[in-house]
Amino acid sequence: MVSLFGTEITLYALLAGAGYLLLAGLMIFIAPRYKISRKASLLYALTAGLLGLFLGRLIFFLVRMDTLTYDEMGEYLGFAPFFDSAAGGVSVAGVMLGAVLAAPLCKKLTKERAAVLLDHAVLPAIAFFAFMRFIEPLSGEGYGIPLEDSPFAFAPLASYNEWSEAWMLNVAFIEGFLALIVGVILFFLGRSFRKPGSLSLCCALLLAVSQIIPECFRCDDVLYIFIFARVTHIGLAVMLFLSLFIPLLLARKKGLGMGAFWRELILMLLGIILCIGTIFALDKTNLPKLLIYGVMALTLAGLIFLTFRRIHKEDIR
């Protein structure tokens, strides 16, 4: 814990706040490159931060309501724990949802296009996502499967568990590193896109694909719905769906044939269903895990091809 203005705050929360302010400042600084006023960029940064924090906390609270709303003696606490920063954390799915929803909200106030607002926030948002993953071990989360007598049992790929008894896969580091790779790809892709929103859609696609497999390795305090459905995986699946459906819907409005529309939509849905099936198979079947991960990786590669192809077509149309 760190004392700040007489208030006790965790080092993790302090670094998260400092990181957000720094990268929000960077986003405001580069706003003119996207022909956005710095005032509009500042409003978006504030809205995305507050809305993302609220929705992230809300999802976490709703999923864990059965435990958070009662104390150790079984006394009902109501919604008071929602405002207690020491009672659990936030869901990354809610944070990402807040960042997206902030754009149409700010559009009404600034008259800037929502797609342009999202595009200008892509690189700082990816950097913030990676930063949060890198510091996640400070919160006691971010670890994965045990690595006993494994050649991968070394830092930063692995770290000791909280009792310093065994090496655990450092999932948070892997996810942060993959996010940085996505950021580099988007940095170079951004120069080739001409249509507002193309960069944001590619960000949703690549970030979701890069995080799905590492999330399967987590053994920390994962948020579950219906016992087997991870909240983060649900959020990533929604990102995948929207990254193809939005450009596909726009293509349909501009004359794409019904046959092509339904063909791509069905292929995309089948790919997502297959990914969900492989995640389920990891926990509920005795199939070789290497085979399951192979099928998952091939499916994700197919979704990348299908989605990027449609985004590119709509960008150059």
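For the structure, see preceding data.
If you're wondering where the values come from, they're calculated on a predicted model, not measured in any experiment.

## Description of the overall build of the protein chain
- Within the protein chain, the regular secondary structure consists of 10 helices and 7 strands.
- Whereas a compact globule of 317 residues would reach a radius of gyration of roughly 20 Å, the protein chain reaches 21 Å, a difference of no more than 12%.
- Referenced to the eigenvectors of the C-alpha coordinate spread, the extents of the protein chain come out at roughly 60 × 55 × 40 Å.
- For the protein chain, buried positions account for 43% of its 317 residues.
- A separation of at least 24 residues holds for 69% of the contacts in the protein chain among residues at least 6 apart in sequence.
- Between the centroid of the 26 positive side chains of the protein chain and the centroid of its 22 negative side chains there is a distance of 23 Å.

## Some words on unusual backbone geometry
- The phi torsion at Lys 35 lies on the positive side, around 60 degrees, for a residue other than glycine.
- With respect to the element layout, Lys 35 can be found in the loop between α1 (11-30) and α2 (38-63).
- Overall, Lys 35 belongs to the exposed group, its relative accessible area being 76%.
- Residue Lys 111 is not a glycine yet carries a positive backbone phi of 70 degrees.
- For Lys 111, a relative accessible area of 71% gives the class exposed.

## A look at the nonpolar core
- If you look at the biggest cluster of nonpolar residues, it comprises 46 residues, and the most contacted ones within it are Leu 186, Leu 240, Met 296 and Leu 300.
- Taken together, the elements giving at least two residues each to this core come down to α5 (114-135), α6 (171-189), α7 (198-216), α8 (231-253), α9 (258-284) and α10 (289-316).
- Other than its neighbours up to four places away in sequence, Met 296 contacts Ile 212, Ile 213, Cys 216, Cys 275, Thr 278, Ile 279 and Leu 282.
- The next biggest cluster of nonpolar side chains, apart from the first, holds 15 residues, and it includes Ala 24, Ala 102, Ala 114 and Leu 117.

## Thoughts on the packing of aromatic side chains
- One pass over the full model with this rule turns up 7 aromatic pairs.
- Ring geometry for Phe 134 against Phe 173: centres 5.8 Å apart, planes inclined by 45 degrees, an arrangement best described as tilted. Highlighted residues: Phe 134 in helix α5 and Phe 173 in helix α6, separated in sequence by 39 residues.
- When its relative accessible area of 25% is taken as the criterion, Phe 173 is described as partly exposed.
- Centroid distance Phe 173 to Phe 177: 6.2 Å. Interplanar angle 15 degrees. Geometry classified as stacked. Pair noted here: Phe 173 and Phe 177 are both in helix α6, with a separation of 4 residues, about one helical turn.
- Residue Phe 177 is classed as partly exposed on the basis of its relative accessible area, which comes to 44%.

## Brief notes about the packing of α2 against helix α4 (residues 92-110)
- It is the contact of α2 with α4, at a shortest axis distance of 7 Å, that shows an interaxial angle of 140 degrees. Between α2 and α4, the angle is such that the two are oblique. Seen along the crossing, α2 lies across α4 with a hand that is right-handed.
- Of the residues that constitute the contact of α2 with α4, the class distribution is 17 nonpolar, 6 polar and no charged.

Here is what the cut-offs are and how they apply
Residues numbered from 1 in each chain as written. Predicted model: local features only at pLDDT ≥ 70, side-chain atom pairs only at ≥ 80, totals over all residues. Heavy atoms only, no water. Helix = DSSP H or I, 4+ residues; strand = E, 2+ residues; numbered from the N terminus. Rg over C-alpha atoms; globule rule 2.2 N^0.38 Å. Buried < 20%, exposed > 50% of the residue type's maximum accessible area, 1.4 Å probe, protein only. Contact = heavy atoms within 4.5 Å. Lys, Arg positive; Asp, Glu negative; His and termini not counted. Charge placed at Lys NZ, Arg CZ, Asp CG, Glu CD. Core = buried A, V, L, I, M, F, W, Y, C linked by side-chain atoms within 4.5 Å. Phe/Tyr/Trp six-rings, centres within 6.5 Å; stacked < 30°, edge-to-face > 60°. Axes fitted to C-alpha atoms, helices over the stretch in contact; angles between N-to-C directions. Parallel < 35°, antiparallel > 145°, perpendicular 65-115°, else oblique. Left-handed = near helix turned anticlockwise from the far one by under 90°. Nonpolar A, V, L, I, M, F, W, Y, C, P; charged D, E, K, R; others polar.

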